[in-house]
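Architecture and fold: a report
What follows is each chain in one-letter form.
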Amino acid sequence: CECHHGSGSTTDRCWEGRVRRISSHLNPVFFLFPVLSGSDGGPCRRTDCGRGRQCVLLEATGRAECVCQEKCRPTFVPVCGSDGRFYENHCEVYRTACVQKRRIYVVHSKDCFFKGDTCTMAEYNKLKTMLLDMQPKGLGGRVKNVKRNMDQKRALVDTMFKYLDVNRDGSLGSDELISIKEHLEDSLLECTMQDLLRYDDYNNDGHLTLHEFYTAFQVVQLSLAEDQRVSVSVVTVGLSTVLSCAIQGTLRPPIIWKRNGIILNFLDLEDINDFGDDGSLYITKVTTIHMGNYSCHAYGYEELYQTHVLQVNVPPVILVYPETQAQEPGVSASLHCHADGIPDPNILWLKNGMDLQPRPSKQLSLIANGSELYIGSVRYEDTGAYTCIAKNEVGVDEDISSLFVEDSARKTLANILWREEGLSVGNMFYVFSDEGITVLQPSECEIRRHIKRTERIVASYEEMCPKSEGVSPQHCAWSSAVSVRDKYIYVTQPLQKRLLVIDTQAQKVVQAVETDPFPVKLLYDKSHDQVWVLSWGSMQKSHPTLQVIPQASVGEVHHTIRTPFQRVDDFFIPPTNLIITHVRFGFIFLKSEPAVHKIDLETFHRVKTISLKNYSCVPVSMAYTHLSGFYFIQCRSPSRDPSSAQPQLLIDSVTDTVIGPNLNITGQPYVSPDGRLIVTPDRQHGKVRVQTVSFQGVLGLSRELDTTLHVSDVVFQPSFTESNQYTMVAVSGSDTDLLFSDLASGKSEVLRSLKEPLSPHSWPWGSSNRVLVSSGLFGRYLVTPSAESLFVLNGKQKTPHCEVSDIKRGNTVVWVGEV
């Protein structure tokens, strides 16, 4: 038998006889037998008494006899009889006909449901509302029509139950329910207290338990075990996961899930699209943006919620440098291994496949938790293949750095590759100044090549920097440059309505690509091998456009494609790293519009618009961390007064929804390459605020650095003493100061002798009138220009390394090299 009961109605699929299923080699066959007396039925097996009657055995004779059915199964399938009466089920109709010895049959009419002692569901609900609002003796004085929360409602129903339960047996019988009839208004006598039994006595035992009483009055009872209020889930990136809500209870409403205060249930999300019949949250193909806190609660009952902390683990990914090096005996050598992963990987080294566990010595030592293998004075026997292995609890990765120790007179292939290609072409700063392009090798402060402004472009034979109308004397004007896979450099010439392509192998300008007027900003989208170009149209930014150069690293004649976006004020494309190697979406800001527009980087189509109107925020700049997927939006100050600056806004990239202000932090945000650190120089409060993102996706304020530095640019340099840590380097745009700050300890040092930078008036192409460029993941050098020269800094020692003179307005710098 299969019976289903619900509030206010009951459907019964129980047979009044017994069903026996007989399996055979043929189709299953079902037989219906009458209810029999005795264990084997006896004579009743052959007696069919009909509906409303049952067979019994007479003790005296042992014969079978049909009598009226003593009682029916306690099921509630309300029907009308031909006598106009209401019956609880079909059986009651025919049993009554037998007892009264008259013909009564079921009629398909609902008239009897609305007569005399019966009531509709609407009237029944009015009865229950009246019972809640009435004030009989013992219920205490309560003001009518006061909106009660569920706790108040439960207390009222508890009190009502105790009042009605005269015999204190924990259930309400028919006689106890009649006792309250005198308190009901005449207008509601279509429904009686007996209807409580008829509609909500689920086990049909003629009594209402407190549980059934709760159900009748829709008292929701929810519970959550104390040890389940916070649940931590750990899942490996790329897999699926299910978060189950532990809130239980009677009449539990649908489960609502939130992330960062945003309801997920009604959003059409790509990876969170199924909440399950039991209210579980399904996330398919988990990535690092999904880490963070999720909460679940029953609809309408937000005060009781469960928090799910989702940590996404990532197997290690490593990068070694150099892949090959050749050294002479007696010199030092360093082998570097950078590993990203969640949790932080442990690093160990093998030499020619054998464990390498060096004891602390001048000859061989491990630095920064194994990130650097340092050999103080190399010998011939140090030649070998050094394998770096990074391992965490979800995976392992390895790569080889080869060391050849040989005399410089022996011109082996390794020696040639290391000394000629490695030093002459790669690992250089390209500095774009008034006089042309300077190729600088930082360790020796050596100018390897100077491309003069009058030098000819290979493809067109034009001068690299022709004289522009109204510009005197002739000089080169640059605004932005990007390295494209270390093969090419793209650099804009805003006054020439074009950009130049430089071949880093030949160290020559090989092509000029025409653009819309005043190209001022470039960004390389490594995921799609595209260079994005923002042009102003004029110095007044009257007709800004956004163009794209496809297949930027391919050796062919390049051209621009105009995107459909007009009035573009700026754009942002999230960076890639060892873990995040592909980016699908970028963002554009339109002039004076309080919104960011999400665009598909492959199709150039607008995906959606995220409004910032509720926060009166016109975006100026963005930053992004792939850990929990936070976007940081800098808002434009309503006036030139820094004290009126608005706080940053946070956007959740999972839902593309504004979370709200990022504390009270104002200014331009900068994010470390691993996504764990967010640094914001805050001019309004004279501080640099440092935030961290944990592996559980929690964003928190780590420290505040007091500084008077008017920050123009910020870079992150990997720590030389600790793995997975960074030093922040910030340079001033108004004086000669430069700040080194160890973000793990908060210790800071200031250099004060870098000469005056370009004035903001002399650099109209952006907010950074003094740039700061580092020499890659494994490099120790940084460069920053002054108005008349260029400074090379040693980031490991935190000291000036050298000054290169006669480089005027060299505020466009790009690093090219494998490190």
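Residues numbered from 1 in each chain as written. Predicted model: local features only at pLDDT ≥ 70, side-chain atom pairs only at ≥ 80, totals over all residues. Heavy atoms only, no water.

- The name an unreviewed UniProt entry assigns to the protein chain is Follistatin-like 4, from the organism Esox lucius.
- Quoted verbatim from the Subcellular location (unreviewed entry) heading of the UniProt record, the comment on the protein chain is "Secreted, Extracellular space, Extracellular matrix". (UniProt positions renumbered as here; feature names shortened; annotations may be inferred.)

1. A short note on the overall build of the protein chain
- Regarding its fold elements, the protein chain presents seven helices and 60 strands.
- Sorting the 819 residues of the protein chain into buried and exposed places 49% on the buried side.
- Sequence separation of at least 24 residues holds for 51% of the intrachain contacts in the protein chain that already meet a minimum separation of 6.
- With an accessible surface of roughly 39600 Å², the protein chain has 50% of that area assigned to carbon and sulfur atoms. (Helix = DSSP H or I, 4+ residues; strand = E, 2+ residues; numbered from the N terminus. Buried < 20%, exposed > 50% of the residue type's maximum accessible area, 1.4 Å probe, protein only. Contact = heavy atoms within 4.5 Å. Areas by Shrake-Rupley, 256 points an atom, 1.4 Å probe, with all protein chains shown as cover.)

2. Digging into the confidence of the model for the protein chain
- Within the protein chain, residue pLDDT values average 85, and 85% of them lie at 70 or more.
- Counting interchain partners and residues more than four positions distant, the pLDDT-below-50 stretch residues 1-39 has 56 contacts. (pLDDT = per-residue confidence, 0-100.)

3. Points about the sheet that holds strand β56 (residues 773-774)
- Ordered by their spatial adjacency, four strands build an open sheet running β56-β57-β58-β59, and the pairing between neighbours is antiparallel. Pairing within the sheet leaves two strands with one partner each, and these edge strands are β56 and β59 (799-805).
- Note: strand β58 (residues 789-794) against β59, six bridges, orientation antiparallel. Looking at β59, one finds that Val792 is bridged to Cys802. (Pairing = 2+ DSSP bridges.)

4. Remarks on the packing of aromatic side chains
- Under the criterion given, the structure shown has 13 aromatic pairs.
- Ring centres of Phe213 and Phe217 lie 4.9 Å apart, and the angle between their planes is 65°; on these two criteria the pair is classed as edge-to-face.
- By relative accessible area, which is 0% here, Phe213 ends up buried.
- Relative accessible area serves as the criterion here: at 3%, Phe217 is assigned to the buried category.
- If you follow Arg51 out to its NZ or CZ, it ends over the ring of Tyr94, 4.4 Å from the centre.
- One cation-aromatic arrangement involves Arg456 over Tyr461; the distance from NZ or CZ to the ring centre is 5.2 Å. (Phe/Tyr/Trp six-rings, centres within 6.5 Å; stacked < 30°, edge-to-face > 60°. Lys NZ or Arg CZ within 6 Å of the ring centre and 35° of its normal.)

5. Focus: unusual backbone geometry
- The step from Tyr321 to Pro322 runs through a cis peptide bond, and the omega angle for that step is -10°.
- Position of Pro322 relative to the elements: it lies in the loop between β20 (301-321) and β21 (324-327).
- Residue Ile342 is joined to Pro343 through a cis peptide bond whose omega torsion reads -5°.
- Residue Lys497 is not a glycine yet carries a positive backbone phi of 60°.
- Within the secondary structure, Lys497 is located in the loop between β33 (488-493) and β34 (498-503).
- Look at Lys497 and you get partly exposed, because its relative accessible area is 37%.

6. Quick word on the pattern of salt bridges
- One pass over the structure, following the stated rule, counts 28 salt bridges.
- Between Lys126 and Glu123 there is a salt bridge, with the nearest N and O atoms lying 3.6 Å from each other. Placement of both Lys126 and Glu123 in helix α2 (residues 121-133) is noted, with a separation of three residues, approximately one turn of the helix.
- With a relative accessible area of 46%, Lys126 lands in the partly exposed category. (Salt bridge = Lys/Arg side-chain N within 4 Å of Asp/Glu carboxyl O.)

7. Remarks on the environment of Leu224
- Within the element layout of this structure, Leu224 appears in the loop between β12 (221-223) and β13 (230-236).
- On the accessibility criterion, Leu224 (10% relative accessible area) is buried.
- Considered as a pair, Leu224 and Gln248 are 24 residues apart in the sequence and their alpha carbons are 6.6 Å apart.

8. Comments concerning the state of the cysteines
- Taken as a whole, this structure holds nine disulfides when the rule is applied.
- The side chain of Cys49 participates in a disulfide bridge whose partner is Cys66; the two sulfur atoms lie 2.0 Å from each other. On the sign convention where negative is left-handed, the bridge of Cys49 and Cys66, at about -80° about the S-S bond, is left-handed. With Cys49 in the loop between β4 (29-33) and β5 (53-57) and Cys66 in strand β6 (residues 64-68), this pair connects stretches of sequence that are 17 residues apart.
- By relative accessible area, which is 12% here, Cys49 ends up buried. (Disulfide = S-S within 2.5 Å.)

9. Looking at the environment of Gly42
- Looking at the element boundaries, Gly42 is found in the loop between β4 and β5.
- Accessibility expressed as a relative area gives 24% for Gly42, which makes it partly exposed.
- As for Gly42 and Arg63, which are separated by 21 residues in sequence, their C-alpha atoms are 9.2 Å apart.

10. Section: helix α1 (residues 90-100)
- By the burial criterion, the buried members of α1 are Cys91, Val93, Tyr94, Thr96, Ala97 and Cys98.
- Its buried side turned inward, α1 meets β5, β6, β7 (79-81), β8 (86-87) and β9 (106-107).
- Lys101 sits one or two residues past α1 and shows a positive phi near 55°.

11. A few points about a nonpolar patch on the surface
- There is a patch of nonpolar side chains on the surface, built from Val230, Val232 and Val234 and spanning about 280 Å² of accessible area.
- The residue Val232 is located in strand β13 in this model.
- In this structure Val232 comes out as exposed when scored by relative accessible area, which is 58%. (Patch = residues over 30% accessible without salt bridge, like charges linked within 9 Å, V, L, I, M, F, W, Y side chains within 5 Å.)

12. Things to note about the nonpolar core
- Counting residues in hydrophobic clusters, the biggest one holds 76 residues, and the most contacted among them are Phe213 and Trp257.
- Each of domain 2 (125-135 + 148-219) and domain 3 (222-313) accounts for three or more of the residues forming this core.
- Once you skip the residues sitting within four places of it in the chain, Phe213 turns out to touch Val157, Met160, Phe161, Leu164, Leu172, Leu196 and Leu208.
- If you look at the next biggest cluster of nonpolar residues, it comprises 19 residues, including Ile437, Val439, Ile457 and Trp478. (Core = buried A, V, L, I, M, F, W, Y, C linked by side-chain atoms within 4.5 Å. Domains from an automatic or database assignment.)

13. Brief notes about the sheet that holds strand β45 (residues 630-635)
- The strand order across the open sheet built from four strands is β44-β45-β46-β47, with neighbouring strands paired in antiparallel fashion. Edge strands, defined here as strands with exactly one partner in the open sheet, are β44 (619-625) and β47 (657-661). Averaged over all adjacent pairs, the angle separating strand axes in this sheet is 25°, with direction ignored.
- As paired strands, strand β46 (residues 649-652) and β47 are joined by four bridges and run antiparallel to one another. Residue pairing for β47: Ile651 is matched across the bridge by Val658. (Axes fitted to C-alpha atoms, helices over the stretch in contact; angles between N-to-C directions.)

14. What to know about the side chain of Glu372
- Relative to the helices and strands, Glu372 resides in strand β26 (residues 372-375).
- With no salt bridge to any partner, buried Glu372 finds its closest opposite charge in Lys796, at an N-O distance of 4.4 Å.
- Side chain to side chain, Glu372 and Ser334 meet in a polar contact 2.7 Å long.
- Residue contacts for Glu372: discarding those within four places in its chain leaves Ser334, Leu335, His336, Ser365, Leu366, Ile367 and Lys796. (Lys, Arg positive; Asp, Glu negative; His and termini not counted. Polar contact = N/O pair within 3.5 Å; in protein donor to acceptor, adjacent residues only side chain to side chain.)

15. Some details on helix α3 (residues 150-164)
- With 15 residues, α3 should reach 21 Å at 1.5 Å per residue; the first-to-last C-alpha distance of 21 Å fits that figure.
- Residues of α3 that are buried: Met150, Lys153, Arg154, Leu156, Val157, Met160, Phe161 and Leu164. Axial view of α3: buried residues confined to an arc of 160°, hence all on one face. Structural note: α3 exposes Asp151 and Lys162 on the side pointing more than 90 degrees away from its buried face. (Expected span 1.5 Å × (residues − 1). Arc of directions from axis to C-beta.)

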